[in-house]
Amino acid sequence: MSVKPILSSERSIAMDPIGVFDSGVGGISVLRHIHALLPHEQLLYVADSQYAPYGNKTAEEIQSRCFVIADLLIAKGAKALVVACNTATAAAIDAMRERYSLPIIGMEPAVKPAAEASKNGIIGVLATVGTLKSAQFAALLESYGRNVEVVTQACIGLVECIERGELTANSTKDLIRRYCTPLLAEGADTIVLGCTHYPFVRDLISDVVGKDIVLVETGLAVASQLKNRLIEAGLLCASQSVGEVKFWTNSTAENAAQVIENLWGERAEIKAF
Ligand code: DGL
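Residues numbered from 1 in each chain as written. Predicted model: local features only at pLDDT ≥ 70, side-chain atom pairs only at ≥ 80, totals over all residues. Heavy atoms only, no water.

Draft legend 1. Spatial organisation of the packing of helix α8 (residues 170-185) against helix α9 (residues 202-209). Remark: α8 packs on α9, axes separated minimally by 9 Å, with the N-to-C direction vectors making an angle of 50°. With respect to their mutual orientation, α8 and α9 come out oblique. The chirality of how α8 crosses α9 is right-handed. Contacts between α8 and α9 involve Thr172, Lys173, Ile176, Arg177, Cys180 and Leu184 from the first element and Leu204, Ile205, Asp207, Val208 and Val209 from the second. Of the residues contributing to the contact of α8 with α9, the split by class is seven nonpolar, one polar and three charged. (Axes fitted to C-alpha atoms, helices over the stretch in contact; angles between N-to-C directions. Helix = DSSP H or I, 4+ residues; strand = E, 2+ residues; numbered from the N terminus. Parallel < 35°, antiparallel > 145°, perpendicular 65-115°, else oblique. Left-handed = near helix turned anticlockwise from the far one by under 90°. Contact = heavy atoms within 4.5 Å. Nonpolar A, V, L, I, M, F, W, Y, C, P; charged D, E, K, R; others polar.)

Draft legend 2. Quick look at empty space enclosed by the protein. One pass over the full model with this rule turns up two cavities of 30 Å³ or more. There is about 60 Å³ of room inside the largest cavity. In this structure, the largest cavity is lined by Ser29, Val30, His33, Asn86, Met107, Leu193, Cys195, Thr196, Pro199, Glu217, Thr218 and Gly219. The element best represented in the lining of the largest cavity is helix α1 (residues 28-37), accounting for three residues. (1 Å grid on protein atoms, 1.4 Å probe; cavity = no way out; pocket = protein on both sides within 12 Å on 5 of 7 lines; lining within 4 Å. Points joined across faces, edges and corners; volume = space filled by probe spheres on them.)

Draft legend 3. View of the site of the ligand. The ligand sits among 13 residues. The nearest are Ser23, Tyr54, Gly55, Thr87 and His197. Asp22 is positioned such that a nitrogen or oxygen atom in its side chain is 3.0 Å from a nitrogen atom of the ligand. Backbone polar atom of Tyr54 to an oxygen atom of the ligand: 2.6 Å apart, as the coordinates give it. Alone, the ligand offers 300 Å² of accessible surface; in the complex the protein occludes 99% of this. A class-by-class count of the residues in the shell around the ligand yields five nonpolar, seven polar and one charged. (Near = heavy atom within 4 Å. Polar contact = N/O pair within 3.5 Å; in protein donor to acceptor, adjacent residues only side chain to side chain. Areas by Shrake-Rupley, 256 points an atom, 1.4 Å probe, with all protein chains shown as cover.)

Draft legend 4. Main features of the nonpolar core. Ile28, Ile34, Val82, Leu126, Tyr198, Ile205 and Phe247 are the most contacted members of the largest nonpolar core, which totals 55 residues. If one sorts the elements of this core by residue count, α8 sits on top with five residues. In terms of nonpolar packing, the next biggest core, distinct from the first, is built from 24 residues, Tyr54, Cys66, Ala78 and Leu102 among them. (Core = buried A, V, L, I, M, F, W, Y, C linked by side-chain atoms within 4.5 Å. Buried < 20%, exposed > 50% of the residue type's maximum accessible area, 1.4 Å probe, protein only.)

Draft legend 5. Layout of the sheet that holds strand β3 (residues 80-83). The six strands lie next to each other as β4-β3-β1-β2-β9-β10, forming an open sheet whose pairing is parallel. The open sheet is flanked by β4 (104-105) and β10 (269-272), the only strands paired with a single partner. Relative to β4, β3 runs parallel, the two sharing two bridges. Residue pairing across strands places Val82 opposite Ile105, the latter belonging to β4. (Pairing = 2+ DSSP bridges.)

What follows is the structure, encoded as structure tokens:
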């Protein structure tokens, strides 16, 4: 029996990888959910760490970084993109969707689930300055924050701690205490981790605010949304083997690869770009 070779032009684009990126290593918290939910998909992750944090940049600056990275991921064959960054989604997703035709999944702070979870109707949102001052966040509050009191707190400097891999340092905990204290003082019983870096210090946050405060993040919801989009577009990978996960970073830090492997949780292929 002869087997007809698959010509590259016939190869289904469903076999192509999914590109995921963030201003730095934070989006790895989302990547972990994507890999768990869609283990057969090949994943490409770009950490734009040299330009982190995005949180204090203008929307134009963030958009131009997003275009650079999207071009890179598309050149590597991405069939879909995940903007694993709340700040970049707020600043650039509309411009990206105008410029590229592939599916692009973004994210926003989990105000809706937090409002539903809160028992006393007071929720806190920890996020970057860029996210909190964006029109998208204002629209989110308008849609889902009407029946609750929402207390917001920009966490300047926290992304940098996580980029340096200081997940358990006292200085990181001090910063978290400084940012969570006002939310507790206002009575928040539910806190949104509105930046993809923050799930990596979830234990420290929980230590500071206490076990009774509910912490809400968005990684799993983004992975589910990605899965639905891939199904709708006929782009879900049919392979039965575990998909490869590859990383690129432009960080100049000596421990950049170590930080990525630590957050990813296993040895990884990491290249510079
Ligand atoms: N991880 C990002 C977010 O979800 C951005 C952090 C930053 O670069 O300021 O908002």
